[in-house]
2 protein chains.
Amino acid sequence: MSLARPNARLLRRLPLQQLRTYAAPGEGSIPPAKKKYVPTTGTYPLGFSAGSAHVGVKASNTRFDDLALIASDTPCSGAAVFTTNKFQAAPVTVSRDMLKRRKGEGIRAVVVNSGCANAVTGKGGIDDAVAMGEGMDKCFVEDETRSPEDDFTDDGKGSRTVVMSTGVIGQRLPIQKITSKLPTVYSRLGSTHDHWLSAARAICTTDTFPKLLSRSFSLPSSSEEYHIVGMTKGAGMIHPNMATLLGIICTDAPITAPALQTLLISSVDKSFNSISIDGDTSTNDTVAILANGAAGGKPIANDTSSGDFKAMQETLTNFTIDLAKLVVRDGEGATKFVTIRVTNAATYSDAKRVASTIARSPLVKTALYGKDANWGRILCATGYAENVSSVIPSETSVSFIPTDGSPELKLLVNGEPEAVDETRAAKILESEDLEILVKLSDKQGEEAVYWTCDFSHEYVTINGDYRT
Amino acid sequence: MSLARPNARLLRRLPLQQLRTYAAPGEGSIPPAKKKYVPTTGTYPLGFSAGSAHVGVKASNTRFDDLALIASDTPCSGAAVFTTNKFQAAPVTVSRDMLKRRKGEGIRAVVVNSGCANAVTGKGGIDDAVAMGEGMDKCFVEDETRSPEDDFTDDGKGSRTVVMSTGVIGQRLPIQKITSKLPTVYSRLGSTHDHWLSAARAICTTDTFPKLLSRSFSLPSSSEEYHIVGMTKGAGMIHPNMATLLGIICTDAPITAPALQTLLISSVDKSFNSISIDGDTSTNDTVAILANGAAGGKPIANDTSSGDFKAMQETLTNFTIDLAKLVVRDGEGATKFVTIRVTNAATYSDAKRVASTIARSPLVKTALYGKDANWGRILCATGYAENVSSVIPSETSVSFIPTDGSPELKLLVNGEPEAVDETRAAKILESEDLEILVKLSDKQGEEAVYWTCDFSHEYVTINGDYRT
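Cut-off values and rules
Residues numbered from 1 in each chain as written. Chains lettered and ligands numbered in written order. Predicted model: local features only at pLDDT ≥ 70, side-chain atom pairs only at ≥ 80, totals over all residues. Heavy atoms only, no water. Helix = DSSP H or I, 4+ residues; strand = E, 2+ residues; numbered from the N terminus. Buried < 20%, exposed > 50% of the residue type's maximum accessible area, 1.4 Å probe, protein only. Contact = heavy atoms within 4.5 Å. Domains from an automatic or database assignment. Phe/Tyr/Trp six-rings, centres within 6.5 Å; stacked < 30°, edge-to-face > 60°. Lys NZ or Arg CZ within 6 Å of the ring centre and 35° of its normal. Polar contact = N/O pair within 3.5 Å; in protein donor to acceptor, adjacent residues only side chain to side chain. Pairing = 2+ DSSP bridges. Disulfide = S-S within 2.5 Å. UniProt positions renumbered as here; feature names shortened; annotations may be inferred. Axes fitted to C-alpha atoms, helices over the stretch in contact; angles between N-to-C directions. Parallel < 35°, antiparallel > 145°, perpendicular 65-115°, else oblique. Left-handed = near helix turned anticlockwise from the far one by under 90°. Nonpolar A, V, L, I, M, F, W, Y, C, P; charged D, E, K, R; others polar. Expected span 1.5 Å × (residues − 1).

Draft legend 1. How the structure looks around the overall build of chain A. A tally of helices and strands in chain A yields 13 helices and 15 strands. When the 468 residues of chain A are sorted by exposure, 64% land in the buried category. A separation threshold of at least 6 residues defines the contact pool for chain A, and within that pool the share at least 24 residues apart is 81%.

Quick look at the structure:
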């Protein structure tokens, strides 16, 4: 497709640091302002390794790794949450079937390509996704350095690999190019920080920085130190449920497959399903988690009342929230990171629907980009949120909560506009981070938190010629 | 609010003809490409007059008329459809109450100000809207040139005037300034083309051209020639149900108040509630219709099976569709006019939900702006439309229908991507008008049509500093 002239002109005029290209970015291209979000070290789970390789899935990508592999040394529990889009990409179908067939047990690895989503590719696309998973399995099976007592014996249940793809919709994968590089990515597996970071980088598309987090945690019933690592990619089509969003999380805590699925669903609801870049829900969204128990201890069962389960839930929810926030930080064209907190709703669903409606309003998002304290648009979005019964206009209040610890700036109190100090509002809107607080009524009630970014000229530039 | 620096810079770089200011535009500022949508003559209904005056509701507007009046010589039927936003502007509340109190009968006029929406202005705002309506009534009552047998006698039911406001939310009207100019706008009433055009211009905000349509029609039971005129304004916050959208329609056909309400609701569903600029639904949307019967004939009763009713419904629906399309033509920053036709749905509601979801997808809209035949995004939006049960992925097809009469360009057929002739796709996307056809299944079924525009850099520029 030829590049539209006006876009090309405008693109040349944009500040260089705002430009992003559709390819996994090299180290040098991370915008200075985003460098702080990329870790230089980490604490990684035992018994997992990661690696990446260059395929050139997108023909124009001659430089950057676009194939990532994350593997467990031993069979582990696996769980995943997938897109709700009716057009599900081939890797979604294939990975869902695999996890179902194995009941989430005996999982070995996650293999991911960027550059092509393998979505809306018909039966051929399914074959490609299967080939990618089985090709990956083969590398493990044929590796003679692995012990013959390797627990990954053929149990007749087929592939043990979760497959993910992200990129353009409607094009077939260059599957031969990919399968020919599977041994390469396998040979590059390792457990250092650089290995994890290279994998996090290889799953990126229009992202401007790799999104990798790791931390340690403990469980009430054990004296072990546990570890968790996660990587994710954005950066457009981000909206529940869920987005062109991939997430891969690994922990060395021992968690049964049913417990892992319960824990993941609940944490994704509060994290990846509580962010919005543009309101579009893609065909490929997948968040997968592997738990191999390599750190020891008693397995966490699917008992939501147990102390270990609760602690794991809290750890995982907070961890996925932090991962999801990184996606918003890197929203296409984003210049702002906005927390939307909706309180005093009759139900969590009401609060979340209002927060989500504000988060996807183009008028709210362009006002934030323009640093305009246009609370009328926030209120307007609150008023048109669908299937919400607990908005009481005469009791609704809207405030900005600054991130520098200074007092809230009230914009609307109980349905009546405040005389707004525009100088202070402008100052608050200068900073990258902002919280919008919307109280729906005077009655104590449920609260939902949502994260979003602004809508900028750059968003339009990026998405006007994504396929070029 | 101070103008954000990057915006100011970018604004200066935009081609001059793309700039629009937040004020009713003068004749000279209509972009050359839009001139063809502004009529130079018209055929107007008998017994109606129109006029405009300058108030300066927005202090920065020192030049352009921002007060419009449309009046019937005799008491007429009136009906209106209002926003579904929970935060309803004061004029919405006041006009709704007035029409209810009068049962849609004995209506005299519609008065409209642009520059301030009188929304979220508390009790004081209600008082302002009442004062605007009653001040208008007073001009009619005190006019000694009117016959003493004037049917507009005091019937104890209060105001006979529909009040509308459009502009910024959360600021009080400068009501003294407005009421002091009501005699002026009254004195300027007239029935020439220029009078109607001046009123259509005065209701504009960020619109780049006034939206006025008129035509003649007939009814099966009568030999009379009837007339209908309509004006509307956009151009942001346009999405069902409905938008910062005002519409005023007048006809000299005789229609009872209950019939008028039924006719309006049905036609708005297929027209103003089938367009989207940005997915935002404002606090002020109102489409009102007056019918004074001045052309004679037997009144059309609220009988959907009668020939006259059916003919009037068809006339009004087609007329409101053409009016609504003008709003899309002038969508903020729009460079494209896109018709979305969704066919073979199990229900009209399913078809309309899918069409609406495609119409508001930022990814689809930026691709259209970038002239990118990214059908994957169209399909993706089809797949995440909520509460839709009749999408069958393996039977879904997507095509572009060119407006030059050349054959359709198939992009996806029964869930399988076509090898797209990108040169031809690029050519089709060069033209301003485009139809996207989405077939949801192989089963004959319901169809919905939706109109939308693209998402451009200019949309972001306009809405980043609207209040400035």
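Following the structure, the description resumes.
Draft legend 2. Representation of the domain arrangement of chain A in the model. What the domain assignment lists for chain A is domain 1 (32-330) and domain 2 (337-465). Look at where the C-alpha atoms of domain 1 of chain A and domain 2 of chain A centre, and you get two points 33 Å apart.

Draft legend 3. Here's a closer look at the packing of aromatic side chains. All names here are of chain A. A full pass over the atoms with the stated rule returns eight aromatic pairs over all chains. Plain terms: the ring middles of Phe140 and Tyr186 are 4.9 Å apart, the flat faces sit at 75 degrees to each other, and that makes the pair edge-to-face. Of the two residues, Phe140 is situated in helix H3 (residues 122-141) and Tyr186 in helix H5 (residues 182-187); the sequence distance between them amounts to 46 residues. Each of the two residues, Phe140 as well as Tyr186, counts as buried. Of note, Lys270 hangs over the ring of Tyr348, and the distance from its end group to the ring centre comes to 5.1 Å.

Draft legend 4. Structural view of the side chain of Asn292 of chain B. Residue and element names in this part refer to chain B. In this structure, Asn292 sits in the loop between strand E9 (286-291) and helix H8 (307-329). Assessed through its relative accessible area of 11%, Asn292 is described here as buried. Of note is the side chain of Asn292, whose polar atom sits 3.1 Å from the backbone oxygen of Leu46. A polar side-chain atom of Asn292 sits 3.4 Å from a polar atom in the side chain of Ser72.

Draft legend 5. Structural context of the sheet that holds strand E15 (residues 446-453) of chain B. All names here are of chain B. Taken in spatial order, the seven strands line up as E8-E15-E10-E14-E11-E12-E13 in an open sheet, and their pairing is mixed. Pairing within the sheet leaves two strands with one partner each, and these edge strands are strand E8 (275-276) and strand E13 (416-417). As paired strands, strand E10 (residues 337-345) and E15 are joined by seven bridges and run antiparallel to one another. The residue of E15 that forms the bridge with Ala345 is Glu446.

Draft legend 6. Main features of the environment of Ala90 of chain A. Residue and element names in this part refer to chain A. Note that Ala90 resides in helix H2 (residues 90-101). A residue is classified by how much of its surface remains accessible, and Ala90, at 5% relative accessible area, is buried. Note: C-alpha distance between Ala90 and Met164 (74 residues apart in sequence) is 8.9 Å. The residues contacting Ala90, other than those within four sequence positions of it, are Asn118, Thr121, Gly125, Ile126 and Ala129.

Draft legend 7. Summary view of the sheet that holds strand E8 (residues 275-276) of chain A. Residue and element names in this part refer to chain A. Read across the sheet, seven strands follow the order E8-E15-E10-E14-E11-E12-E13 without closing on themselves; strand pairing throughout is mixed. A single partner strand is all that each edge strand has here, and the edge strands are E8 and strand E13 (416-417). Sheet analysis places strand E12 (residues 409-413) next to E13, joined by two bridges and oriented antiparallel. Paired with Leu412 across the two strands is Pro417, which belongs to E13.

Draft legend 8. Expanded view of the state of the cysteines. Summed over all chains, the structure comprises zero disulfides over all chains. Among the cysteines around Cys116 of chain A, which has no disulfide bond, Cys380 of chain B carries the closest sulfur, lying 15 Å off. Judged by its relative accessible area of 3%, Cys116 of chain A is buried. Free of any disulfide, Cys204 of chain B has its nearest cysteine sulfur in Cys453 of chain B, 16 Å distant.

Draft legend 9. Geometry of unusual backbone geometry. All names here are of chain A. For Val120, which is not glycine, the phi dihedral falls at a positive 55 degrees. Position of Val120 relative to the elements: it lies in the loop between strand E3 (107-116) and H3. A relative accessible area of 12% places Val120 in the buried class. One non-glycine residue, Asn387, adopts positive backbone phi at about 55 degrees. Topologically, Asn387 is positioned in the loop between helix H11 (375-384) and strand E11 (397-401). Given a relative accessible area of 57%, Asn387 falls into the exposed group.

Draft legend 10. Summary view of the UniProt feature "binding site: substrate" (unreviewed entry) in chain A. All names here are of chain A. Annotation from UniProt places "binding site: substrate" (unreviewed entry) at Thr205, Lys233, Thr244, Glu332, Asn463 and Thr468. With respect to the helices and strands, Thr205 occurs in the loop between helix H6 (193-202) and strand E5 (211-217). Residue Thr205 is classed as buried on the basis of its relative accessible area, which comes to 4%. Here Lys233 shows up in strand E6 (residues 226-233). Relative accessible area serves as the criterion here: at 0%, Lys233 is assigned to the buried category.

Draft legend 11. Here's a closer look at the packing of H2 of chain A against H3 of chain A. All names here are of chain A. As a packed pair, H2 and H3 sit with axes 8 Å apart at the nearest point and diverge in direction by 55 degrees. One finds that H2 runs oblique with respect to H3. Considering how the two elements wind past one another, H2 and H3 form a crossing that is right-handed. Here Ala90, Pro91, Thr93 and Val94 of H2 come into contact with H3, specifically with Gly125, Ile126, Ala129 and Val130. Of the residues that constitute the contact of H2 with H3, the class distribution is six nonpolar, two polar and no charged.

Draft legend 12. Just helix H2 (residues 90-101) of chain B, in detail. Residue and element names in this part refer to chain B. Compared with an ideal rise of 1.5 Å per residue, which puts twelve residues at 16 Å, H2 spans 16 Å between its outermost C-alpha atoms and is within 8% of the ideal. In this fold, the buried residues of H2 make contact with strand E2 (67-82), strand E3 (107-116), helix H3 (122-142), strand E4 (161-168) and E9. One or two residues past the end of H2 sits Lys103, with phi positive at roughly 50 degrees.

Draft legend 13. Geometry of the environment of Thr262 of chain A. All names here are of chain A. As for its placement among the helices and strands, Thr262 is situated in helix H7 (residues 257-270). Expressed as a C-alpha distance, the spacing of Thr262 and Gln313, which sit 51 residues apart in the sequence, is 9.1 Å. Excluding residues that lie within four positions of it along the chain, Thr262 makes contacts with Asn302, Thr304, Phe309 and Gln313.

Draft legend 14. Structural detail: the pairing of strand E7 (residues 246-251) of chain B. All names here are of chain B. With six of six residues buried, E7 is to be regarded as a mostly interior element. Side-chain alternation along E7 places Leu246, Ile248 and Cys250 on one buried face and Gly247, Ile249 and Thr251 on a second face that is also buried. The pairing of strand E6 (residues 226-233) with E7 spans six bridges and is antiparallel. Across the sheet, Gly230 pairs through a bridge with Ile249, a residue of E7. Bridge count for E7 against E9 is six bridges, and the pairing is parallel.

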